[in-house]
2 protein chains.
Amino acid sequence: MEQQTMVRVAVDAMGGDNAPAVMIEGAVLAVCEDSRVHVVLVGKEESIREELEKYTYDKERITVMPAAEIITNDEAPVMAVRHKKESSLVKAMTLVKNNEADAFISAGSTGAVLVGAQLIVGRLPGVERPPLAPLIPTDTGVALLIDCGANVDARASHLVQFAKMGSVYMENVIGVKNPRVAIVNIGTEEEKGNALVKETFPLLKNCNEINFIGSIEAREIPAGAADVIVCEAFVGNVILKLYEGLATTLIAKVKRGMMSTFRSKIGALLVKPALKKTLKAMDTAEYGGAPMLGLNGLVVKTHGSSKGIEIKNSILQCIAFKEQNISEKIRTSIVVNENK
Amino acid sequence: MEQQTMVRVAVDAMGGDNAPAVMIEGAVLAVCEDSRVHVVLVGKEESIREELEKYTYDKERITVMPAAEIITNDEAPVMAVRHKKESSLVKAMTLVKNNEADAFISAGSTGAVLVGAQLIVGRLPGVERPPLAPLIPTDTGVALLIDCGANVDARASHLVQFAKMGSVYMENVIGVKNPRVAIVNIGTEEEKGNALVKETFPLLKNCNEINFIGSIEAREIPAGAADVIVCEAFVGNVILKLYEGLATTLIAKVKRGMMSTFRSKIGALLVKPALKKTLKAMDTAEYGGAPMLGLNGLVVKTHGSSKGIEIKNSILQCIAFKEQNISEKIRTSIVVNENK
């Protein structure tokens, strides 16, 4: 019988608004759902064990690594990562660096995760800037938004690497054959754009390893017009945040509209189950956290407000990442570029 | 008896997907709704008169100015504006330049409108870059998104002028007292941002004429967290387009969800009237076109797909612009800046 791969995920149990409770809940859900997962919960041992006692699970597949310190959102990321050697974030990331874990997950300080990824986990050879690349829901499925906040004021060569890494991820982890790559622009004509886009466009066009379909206007993103949405981090962050904010506002407006008259309240009761299912597809939490690509291992940043299901989904996406050998594929795609 | 101000609006009757029909419909609706409006329809005389015959209106308040040429979306804007002297766009803009009209409205080529605004209508003294500033719907009303596509790769000094012009517009045209000005950023802390935002932030903070409330994340825009949203044109364009695209996708999803089961179909009939009213508030067409500020007169660009109601609203917003003497107020606010 074939030996099953074990995917070792180091979870920063102390990061996020609802830590450690939801981190432990997510870990338990993940090991119960998939037998290939082994989770190391890193953080305050007593708190973690107390939470773990609430659940029934395979005790061999969740271990606890004590860490005395916590990095908070208020701390300057570089200082915190450099000085808090006993923090759950630093200790969990060090497991990945030392190849004692395949992936790292945190719902804590984004700044500290980005800094730790570079300083502790480290970049793959040839990768200039590791991008943060969340999946966003579209009308037809999901799209990868790359980069989304890791590298502001990026250069054209960085965006080309983002396009390659994003293609590898969408094809091998999400299973989209020959993913359509587009660059975010303010028009679809080739001559449109700011200086960065004008410089990047021809480089992407000449890139044989990716399926570049040209510019995409932000209007077309929710419709699912591309699979890999390449943009500079500032723009990507605006897209991600507006996605979340506008969806929240619109759904609240729909709910208030439904509750505004007696007649509509009755109607609301009848449409509720069907609507819930539809709107769930547009909920970013369904798709787990945002992977940071181009590193010596997988780093996943989930929302600070993540619930257990998002943590579980974040842990489960590490399986495909490891089994498909994404780091090696990314390394190859970047090296090909470098030698051209 | 006080003499009533007459607001003279030059309408490019030939620009846009549904021209000239909707342009004429909008003009008729506007003069019927407000007695202060006089419209000059510029374009192919025969087509315009044919449309006008369908309506009953005060014939003294709509005049027709013949123009033989049309500038299309496919033409290079600078070339088109320079060479098509007989186009409806150039002739209508020339009316504003010569002070024969107070405002210009077009649903045609955005590029040609932006170029014509600079080359024909001209900038107010001291204005470095005239921004395009649409109103976007929020949960609590509207916000002005400035700049939204007129000047990519803008500098910090441009953004400061945008903040001032936007404040004047929101306070005097929309009637928001002491409008809250915020700069789009990827975090709310002062040290966050790209190079442009980091340079602009302290300049806005030191600007006494505006009510600067700091950074705004895109997530907070739909909730109505600021009245004047300052950003570079590329980012503003992404926000505007994503707003439109995401609203369309989400509303379509809600509708499909409601029609997915027999039970929900019955419910949909009951919630429909209430929901229609709620969602209307999030429809950009309700708020007319995007004004371009800082010019010797008002230039309004409406959607290419505008319907008659959007054209009407675009024409009506010219009244407050003239009566409140916005150009003079913008000139003063910019000059104050220059002399500091």
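See the structure printed just above.
Residues numbered from 1 in each chain as written. Chains lettered and ligands numbered in written order. Predicted model: local features only at pLDDT ≥ 70, side-chain atom pairs only at ≥ 80, totals over all residues. Heavy atoms only, no water.

1. Quick word on the sheet that holds strand 7 (residues 180-184) of chain B
Consider a sheet: its strands pair through backbone hydrogen bonds, and that pairing is either parallel or antiparallel.
Residues and elements named next belong to chain B.
Link 1 in the chain: Taken in spatial order, the five strands line up as 5-6-9-7-8 in an open sheet, and their pairing is mixed. Sheet topology places strand 5 (135-137) and strand 8 (211-216) at the edges, where each strand pairs with a single neighbour. Within this sheet the neighbouring strands show an average axis-to-axis angle of 30°, counted without direction.
Link 2 in the chain: Bridge analysis of strand 5 against strand 6 (residues 142-146) gives three bridges, and the strand direction is antiparallel. (Pairing = 2+ DSSP bridges. Helix = DSSP H or I, 4+ residues; strand = E, 2+ residues; numbered from the N terminus. Axes fitted to C-alpha atoms, helices over the stretch in contact; angles between N-to-C directions.)

2. Some details on the interface of chain A and chain B
Link 1 in the chain: With 52 residues of chain A in contact, the opposing surface of chain B contributes 52 residues.
Link 2 in the chain: Surface buried jointly by chain A and chain B totals about 4900 Å² across both partners, of which 74% is contributed by carbon and sulfur atoms.
Link 3 in the chain: Between chain A and chain B we count six salt bridges in total.
Link 4 in the chain: In this structure, B:Arg219 and A:Glu244 form a salt bridge, with 3.0 Å as the shortest nitrogen-oxygen distance.
Link 5 in the chain: Linking chain A to chain B there are 12 residue pairs in polar contact (both at pLDDT 80 or more).
Link 6 in the chain: At the level of elements, helix 7 (195-205), helix 8 (233-258) and helix 9 (262-280) of chain A are the ones that each hand at least two residues to the side of chain A that touches chain B.
Link 7 in the chain: Residues of the side of chain A that touches chain B, tallied by class, amount to 30 nonpolar, 13 polar and nine charged. (Contact = heavy atoms within 4.5 Å. Buried area = accessible area lost by both parts, 1.4 Å probe. Salt bridge = Lys/Arg side-chain N within 4 Å of Asp/Glu carboxyl O. Polar contact = N/O pair within 3.5 Å; in protein donor to acceptor, adjacent residues only side chain to side chain. Nonpolar A, V, L, I, M, F, W, Y, C, P; charged D, E, K, R; others polar.)

3. Side note on the pairing of strand 2 (residues 37-43) of chain A
All names here are of chain A.
Link 1 in the chain: By the criterion of burial, strand 2 is predominantly enclosed, with seven of the seven residues buried.
Link 2 in the chain: Looking at chain direction, strand 1 (residues 7-12) and strand 2 are connected through six bridges and run parallel. From the neighbouring strand, Val-9 faces strand 2, where its bridge partner is Val-39.
Link 3 in the chain: Between the parallel pair strand 1 and strand 2, the chain is carried across by helix 1 (residues 21-33), and the sense of this crossover is right-handed.
Link 4 in the chain: Relative to strand 3 (residues 62-66), strand 2 is paired through five bridges, and the arrangement is parallel. Counterpart to Leu-41 in the pairing with strand 3 is Val-64.
Link 5 in the chain: For the segment spanning strand 2, helix 2 (residues 45-52) and strand 3, crossover handedness is right-handed. (Buried < 20%, exposed > 50% of the residue type's maximum accessible area, 1.4 Å probe, protein only. Right-handed = clockwise from strand over helix to strand, strands pointing away.)

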